[in-house]
Amino acid sequence: MSKNKRLAISAIVLLVVYFSCFFLFYVKGCQIENTFWTLVPSLIAIILALITKEVYSSLFVGILTGALFWSRFNPEKTINHIFSDGIVSVLSDSWNVGILVFLVILGMMVQLMNKTGGSLAFGRWASKHIKDPGAAQLATILLGVLIFIDDYFNCLTVGSVMRPVTDKEKISREKLAYLIDATAAPVCIIAPISSWAAAVSGFVEGENGMSLFLKAIPYNFYAILTIIMMVLIVKMKISYGPMTRYEKEALLDEYWKGKEFVGKEDESLEVNHNGKVIDMLIPIILLIVSCTIGMIYTGGFFDGETFIDSFANSDASVGLVLGSSVALVITIIYYLIRRVITFDDCMKCLPGGFKQMVPAILILTFAWSLKAMTDSLGAADYVAMVVQEKAAGFQSFLPSIIFLIAIGLSFSTGTSWGTFGILIPIVVNCFQNSDYKLMIISISACMAGAVCGDHCSPISDTTIMSSAGAECVHINHVSTQLPYAMTAAAVSFVAYIFAGFIKNSWISLAIGVAMMVLVLVLIKVVYCGKKEAGPKAEKA
């Protein structure tokens, strides 16, 4: 189907939805708040993005829909709500501004590493030591696992470091984006020393949040199985779904010549071909060390708090800005001392780094604004009500039910942290005084489902930044990653059913790993077998 036909169908469907809602909400006066309609704006944005392959307009239509619902189709109130309570409000939020500043600084660091020739030197070094596509993908996974402090930091750092290597081995940008995304949130959600651990522990009241987080790690099936799945896919050379097409195209020169990337580097800057690998490694090490110190500083480490408690109490947004800013300044000084770049060229890299992050910043702003619209409609209250009223009676099945609910909420809102904030307090209240073991399993299911939904959603910030880190067209990343994420989600769902009855993490995890291996073997036999049979049949 052509793009014009997809747009026409989308426009017709939207008009039908708007007229129906206008009749229900404006004419009949039906209730919107705390009903399924609160999730419709996010669903519209997601469906439009998948159909039209265009993210900006899809997100804005979702924002417009939420504002229309909130104002009961009053034009003046709609416009004010979009800008005053939406775009302007989210860009006035200190947390959001901190994340945007962190993004810009990382963009500047990447520009500096490219300008000094550090990235090019690493590419040359990797060319000598990484000899095949499988090794390049495993190296990407390993680096993603090692950078567990924060998912934003992970996405952009792994992308900038490994992109030259994967490009050389003709691994598609879509595959690189998947490897980045699958080692960002899934790694952070099982790492005790991370901004995610701090966020989750902060949502638990009446219990030691960090202690619960540690106990929930073995039950976080989606995160663990996703990492295992990536390694198996690389080792077994499995490719299925839309990813197959891009993997084949990446072997052709046309793929690299005609592709429009998200966040192109500033082509006006000449690269220093005398750079060394250390010119890339030192800035990355500085980023890791500085961001870690920045995180624990905001959590009170230097005021007497323990290392773990300071992470639990940290402000990730402020800590990452402080750490990355210090790393940027030291990096510039280091480059000037090394004389691999002039001061004027350093300053030229700064706006170049900002420009590189503009697409990600724009999508993040729209995604945050869409969340503000759904929040104003009471989407969080609606989901909380559904969980408390419908799911609380299914004791042993509750972990699997919570897992599905968390996926749906995270997918439709694009935020895993928001999903934690809604569901974890509910789970604690339900089981705190009745079944402690089931509470831990359910908390883990909530975290796993939130990461899964966040992993799949086109309006998720980590999905957006994975696209930016890989310089991949965002909607291509979403469509190619979805089958892989759904495979891990299906196996995890079954594992949570077993966990609800067995209540033993290692037995349930072993069952999940065995099922994952079996599913991938079946995919390789059935799906890859069909691909091989196709060309043979044509020749015959």
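Criteria and thresholds
- Residues numbered from 1 in each chain as written.
- Predicted model: local features only at pLDDT ≥ 70, side-chain atom pairs only at ≥ 80, totals over all residues.
- Heavy atoms only, no water.
- pLDDT = per-residue confidence, 0-100.
- Contact = heavy atoms within 4.5 Å.
- Axes fitted to C-alpha atoms, helices over the stretch in contact; angles between N-to-C directions.
- Helix = DSSP H or I, 4+ residues; strand = E, 2+ residues; numbered from the N terminus.
- Parallel < 35°, antiparallel > 145°, perpendicular 65-115°, else oblique.
- Left-handed = near helix turned anticlockwise from the far one by under 90°.
- Nonpolar A, V, L, I, M, F, W, Y, C, P; charged D, E, K, R; others polar.
- Buried < 20%, exposed > 50% of the residue type's maximum accessible area, 1.4 Å probe, protein only.
- Salt bridge = Lys/Arg side-chain N within 4 Å of Asp/Glu carboxyl O.
- Expected span 1.5 Å × (residues − 1).
- Bend = angle between axes of the 7 residues up to and from the residue.
- Polar contact = N/O pair within 3.5 Å; in protein donor to acceptor, adjacent residues only side chain to side chain.
- Core = buried A, V, L, I, M, F, W, Y, C linked by side-chain atoms within 4.5 Å.

Asker: Explain the confidence of the model for the protein to me, please; I cannot follow it from the model alone.
Answerer: A low pLDDT score tells you not to read the predicted coordinates there in detail. Across the protein, the average pLDDT comes to 80, with 81% of residues at 70 or higher. Across residues 260-269, confidence stays below pLDDT 50; counting only partners more than four residues off in sequence or on other chains, it has 25 contacts. In the model, residues 535-540 has pLDDT below 50 throughout and makes zero contacts with residues more than four positions away in sequence or in other chains.

Asker: So what exactly am I meant to see when it comes to the packing of helix H16 (residues 278-298) against helix H18 (residues 316-338) here?
Answerer: Helix-helix packing is described using two parameters, namely the angle between the two axes and the distance between the axes. Between H16 and H18, whose axes approach to 7 Å, the crossing angle comes to 150 degrees. Taken together, H16 and H18 sit at an angle that is classed as roughly antiparallel. Between H16 and H18 the crossing geometry is right-handed. For the contact of H16 with H18, a count of residues per class yields 17 nonpolar, seven polar and two charged.

Asker: Before we go on, may I ask you to explain the side chain of Ser 410 in this structure?
Answerer: One can find Ser 410 in helix H21 (residues 398-413). You can call Ser 410 buried: its relative accessible area is 0%. Beyond its immediate stretch of four places on either side in the chain, Ser 410 contacts Thr 415, Ser 416, Thr 419, Gly 449, Ala 450, Gly 453, Asp 454 and Ser 457.

Asker: Sorry if this is basic, but what is going on with the pattern of salt bridges here?
Answerer: When charged atoms on two side chains of opposite charge get close, those side chains can pair. Scanning the model with the defined rule gives nine salt bridges in all. Of the charged contacts in the structure, one is a salt bridge between Lys 175 and Glu 247, with a shortest N-O distance of 3.6 Å. Taken together, the residues span a long stretch of sequence, with Lys 175 in helix H9 (residues 173-182) and Glu 247 in helix H14 (residues 243-249) at a distance of 72 residues. Its salt-bridge partner being Asp 375, residue Lys 371 comes within 2.8 Å of it at the nearest N-O pair. Here Lys 371 pairs with Asp 375, and both are found in helix H19 (residues 343-377), just four residues apart, close to one helical turn. Within the structure, one salt-bridge network assembled from shared partners comprises Arg 163, Asp 167, Arg 173 and Glu 471.

Asker: Explain helix H4 (residues 75-92) to me, please; I cannot follow it from the model alone.
Answerer: Residues spaced three or four apart along an α-helix point in a common direction, a consequence of the helix completing one turn every 3.6 residues. Compared with an ideal rise of 1.5 Å per residue, which puts 18 residues at 26 Å, H4 spans 24 Å between its outermost C-alpha atoms and is within 8% of the ideal. The largest bend along H4 measures about 30 degrees and falls at His 81. Every buried residue belonging to H4 is among Thr 78, His 81, Ile 82, Gly 86, Ile 87 and Val 90, and all of these are buried. You can read the cap of H4 off the contacts: a side-chain oxygen lies 3.1 Å from the backbone nitrogen of Glu 76, and it is on Asn 74.

Asker: Explain the environment of Thr 183 to me, please; I cannot follow it from the model alone.
Answerer: Looking at where Thr 183 falls in the secondary structure, it is placed in the loop between H9 and helix H10 (185-188). The class of Thr 183 is buried, set by a relative accessible area of 0%. Separated by 44 residues in the primary sequence, Thr 183 and Ile 227 place their C-alpha atoms 6.9 Å from one another. Those residues in contact with Thr 183 that lie beyond four places of it in its chain are Ile 141, Gly 144, Val 145, Asn 154 and Met 230.

Asker: Can you walk me through unusual backbone geometry in this structure?
Answerer: With the exception of glycine, most residues fall at negative phi, and the peptide bonds are largely trans. Look at Arg 72: it is not a glycine, yet its phi comes out positive at around 55 degrees. For Arg 72, the location among the structural elements is in the loop between helix H3 (55-71) and H4. Positive phi is not limited to glycine here, since Lys 237 has a value of about 55 degrees. Mapped onto the fold, Lys 237 is located in the loop between helix H13 (221-236) and H14.

Asker: What is the right way to look at the nonpolar core in this model?
Answerer: Across soluble globular proteins, you tend to see nonpolar side chains buried next to one another. Core analysis: the biggest nonpolar cluster contains 72 residues, and Leu 103 and Leu 112 have the highest contact counts within it. No other element matches H19, which puts 13 residues into this core. When residues no more than four places from it in sequence are discounted, the contact partners of Leu 103 are Leu 156, Met 357, Ile 361, Leu 364 and Met 465. With 62 residues, the next largest nonpolar core counts Met 229, Phe 420, Ile 424 and Cys 452 among its residues.

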